Amino acid sequence: MKAFARLVAERNPNGRTVIREMRSATPLTLVPARGARSDAHALVHLVSSITAPLGGDDLELRITVGPGAALVLRGVAATVALPGHRPGGSRSRVLLEVAEGGSVEHLPEPTVVTARADHEAVLEAELAEGARLRAREVLVLGRLGERPGRLTTTTSVRRGGPLLRQSLAVGDDRGGPDTVDSSPAGLAGRRVVGAEVLCWGEDPPGPVSGDWWSLVPLARGGSLATALGDTVIEVERALTGACDSHPGSSELLTRSRSRFRAQGHTLRVRSHRPGGSAQDR
């Protein structure tokens, strides 16, 4: 399956952010929040209308934020990368373009990499001067009791030149030294890894760290938070703690929902295409 979705947010003459263009494509379904409480930003939820990605899927979401506009894009359920009936892996791309004075928070729900999956995830952001970006990624390496399939993620952020280009590869069948799960030194036995990019005003003067998380300023601007844990809740809370250590945290558009999740929270993932299965996380 191939799908291309598009979202354009602009600031109107009254100073409110409005959605000028929104084009969904199964399984990438964009749902704007109606009657949002805040006039400061537009809130859109990304819903996977069928099980995706499966092997062979090629999904792309292109997001444009105009001058002075502010957009929050949230997921509503975990993404489960599954093998398909056809040979070949799956790919998803999120392309962000943020104009001067624009702000975007991209906060998807976690991605679960199941056994035999082969998935590539790419996030590319092009920022104008004065643009702000917050982008979070949480990866769950396998469902309970299983090893993960193959996964490659790439995050690229540019603002008048490269700010960040980071890749991560996992996979139990690669057997090479370049995968983070090939050695205990990579993930220290943890199965959930998270990262969050913050290009949001002033950066911390130096690295900050806590239990299983760190926040590091980048050489050309922006900061990168990383966290490891045994559960999604642990990693989301650690990333929230890292963000709280950022000088611009008080100006973020939203707060993370991780602190509102109960310890016993599980997420039921149901399939609507052949090749999927229901699992609790």
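What counts and what doesn't
Residues numbered from 1 in each chain as written. Predicted model: local features only at pLDDT ≥ 70, side-chain atom pairs only at ≥ 80, totals over all residues. Heavy atoms only, no water. Phe/Tyr/Trp six-rings, centres within 6.5 Å; stacked < 30°, edge-to-face > 60°. Lys NZ or Arg CZ within 6 Å of the ring centre and 35° of its normal. Core = buried A, V, L, I, M, F, W, Y, C linked by side-chain atoms within 4.5 Å. Buried < 20%, exposed > 50% of the residue type's maximum accessible area, 1.4 Å probe, protein only. Contact = heavy atoms within 4.5 Å. Salt bridge = Lys/Arg side-chain N within 4 Å of Asp/Glu carboxyl O. Helix = DSSP H or I, 4+ residues; strand = E, 2+ residues; numbered from the N terminus. pLDDT = per-residue confidence, 0-100. Expected span 1.5 Å × (residues − 1). Pairing = 2+ DSSP bridges. Axes fitted to C-alpha atoms, helices over the stretch in contact; angles between N-to-C directions. Polar contact = N/O pair within 3.5 Å; in protein donor to acceptor, adjacent residues only side chain to side chain.

Visitor: Explanation requested: the packing of aromatic side chains in the structure shown.
Guide: Given two aromatic rings, their pairing is described by the distance between the two centres and the angle made by the two planes. Using the criterion set out here, one finds 0 aromatic pairs in the structure. Sitting above the plane of the Trp-212 ring, Arg-190 keeps its charged end 3.9 Å from the centroid.

Visitor: Explain the nonpolar core to me, please; I cannot follow it from the model alone.
Guide: Note that soluble globular proteins tend to have their nonpolar side chains buried in a common cluster. Counting residues in hydrophobic clusters, the biggest one holds 35 residues, and the most contacted among them are Ile-63, Leu-71, Leu-96, Leu-127, Leu-133 and Val-157. Leaving out residues up to four positions away in the same chain, Ile-63 has contacts with Leu-7, Leu-71, Leu-73, Val-94, Leu-95, Leu-96 and Glu-97.

Visitor: Looking at this structure, how should I read the pattern of salt bridges?
Guide: Side chains carrying opposite charge are able to pair once their charged atoms draw close together. Using the criterion set out here, one finds 12 salt bridges in the structure. In this structure, Arg-93 engages Glu-124 in a salt bridge whose closest nitrogen and oxygen atoms are separated by 3.6 Å. In this pair, Arg-93 sits in strand E8 (residues 90–98) while Glu-124 sits in strand E11 (residues 118–127), placing the two residues 31 residues apart along the sequence. Several salt bridges share partner residues, and in doing so they unite Glu-60, Arg-62, Arg-93 and Glu-124 into one network.

Visitor: Could you clarify how one ought to interpret the confidence of the model for the chain in this entry?
Guide: Caution is warranted with low-pLDDT regions, since their predicted coordinates should not be read in detail. Model confidence for the chain is summarised by a mean pLDDT of 86, while 84% of its residues fall at 70 or above. The model gives residues 257–281 a pLDDT under 50, and that stretch makes 56 contacts with residues more than four places away or in other chains.

Visitor: Explain helix H2 (residues 232–244) to me, please; I cannot follow it from the model alone.
Guide: Note that an α-helix has 3.6 residues per turn; residues three or four places apart therefore point the same way. The terminal C-alpha atoms of H2, which comprises 13 residues, lie 18 Å apart, in line with the 18 Å expected from a rise of 1.5 Å per residue. When we look at burial in H2, the residues that qualify are Val-232, Ile-233, Val-235, Glu-236, Ala-238, Leu-239, Thr-240, Ala-242 and Cys-243.

Visitor: Would you mind going over the sheet that holds strand E14 (residues 162–170) with me for this structure?
Guide: Sheet strands associate in pairs through backbone hydrogen bonding, adopting either a parallel or an antiparallel arrangement. What the 7 strands build is an open sheet, ordered E2-E1-E5-E8-E11-E13-E14; its pairing is mixed. Where the open sheet ends on each side, the last strands, each with one partner, are strand E2 (17–23) and E14. Recorded for the sheet is a direction-independent mean angle of 10° between the axes of neighbouring strands. Here strand E13 (residues 150–158) pairs with E14 via 8 bridges, running antiparallel. Directly across from Leu-151, in E14, lies its bridge partner Val-170.

Visitor: Just to check I follow, could you spell out the pairing of strand E5 (residues 58–65) for this structure?
Guide: The side chains of a regular strand alternate, first on one face of the sheet and then on the other. Among the 8 residues of E5, 6 are classified as buried, and the element is accordingly described as predominantly covered. As judged from the 8 bridges shared by strand E1 (residues 2–11) and E5, these two strands associate in the parallel manner. The residue bridging Leu-7 from the neighbouring strand is Ile-63, located in E5. For E5 and E8, the ladder comprises 8 bridges, and the chain directions are parallel. Paired with Leu-61 across the two strands is Val-94, which belongs to E8.

Visitor: Just to check I follow, could you spell out the side chain of Asn-12 for this structure?
Guide: Tracing the backbone shows Asn-12 in the loop between E1 and E2. The exposure class of Asn-12 is buried, given its relative accessible area of 16%. Polar contacts involving the side chain of Asn-12 include one to the main-chain amide nitrogen of Asn-14, which spans 3.0 Å. If sequence neighbours within four positions are ignored, Asn-12 has contacts with Val-18 and Arg-20.

Visitor: Is there a simple way to think about the pairing of E11 in this case?
Guide: Inspection of the sheet shows E8 paired to E11 by 9 bridges, in the parallel sense. Bridging across to E11, Glu-97 finds its partner in Glu-126. Bridge analysis of E11 against E13 gives 9 bridges, and the strand direction is parallel. Paired with Asp-118 across the bridge in E13 is Arg-150.

Visitor: How should I be thinking about the environment of Gly-89 in this particular structure?
Guide: Following the sequence through the fold, Gly-89 ends up in the loop between strand E7 (79–81) and E8. Taking C-alpha positions, Gly-89 is 8.9 Å from Arg-150, a pair spaced 61 residues apart along the chain. Ignoring anything within four residues of it in the chain, the contact list for Gly-89 reads Gly-55, Gly-56, Asp-57 and Asp-118.

Visitor: Where do I start with unusual backbone geometry in this structure?
Guide: Across the chain, the bulk of peptide bonds are trans and the bulk of non-glycine residues have phi less than zero. The peptide bond linking Thr-26 to Pro-27 adopts the cis configuration, its omega dihedral lying at 10°. Within the secondary structure, Pro-27 sits in the loop between E2 and strand E3 (28–32). The phi dihedral of Trp-212 falls on the positive side, at around 65°, and the residue is not glycine. By secondary structure assignment, the location of Trp-212 is in the loop between strand E16 (208–210) and strand E17 (213–217). Exposure remark for Trp-212: the relative accessible area of 43% places this residue in the partly exposed category.

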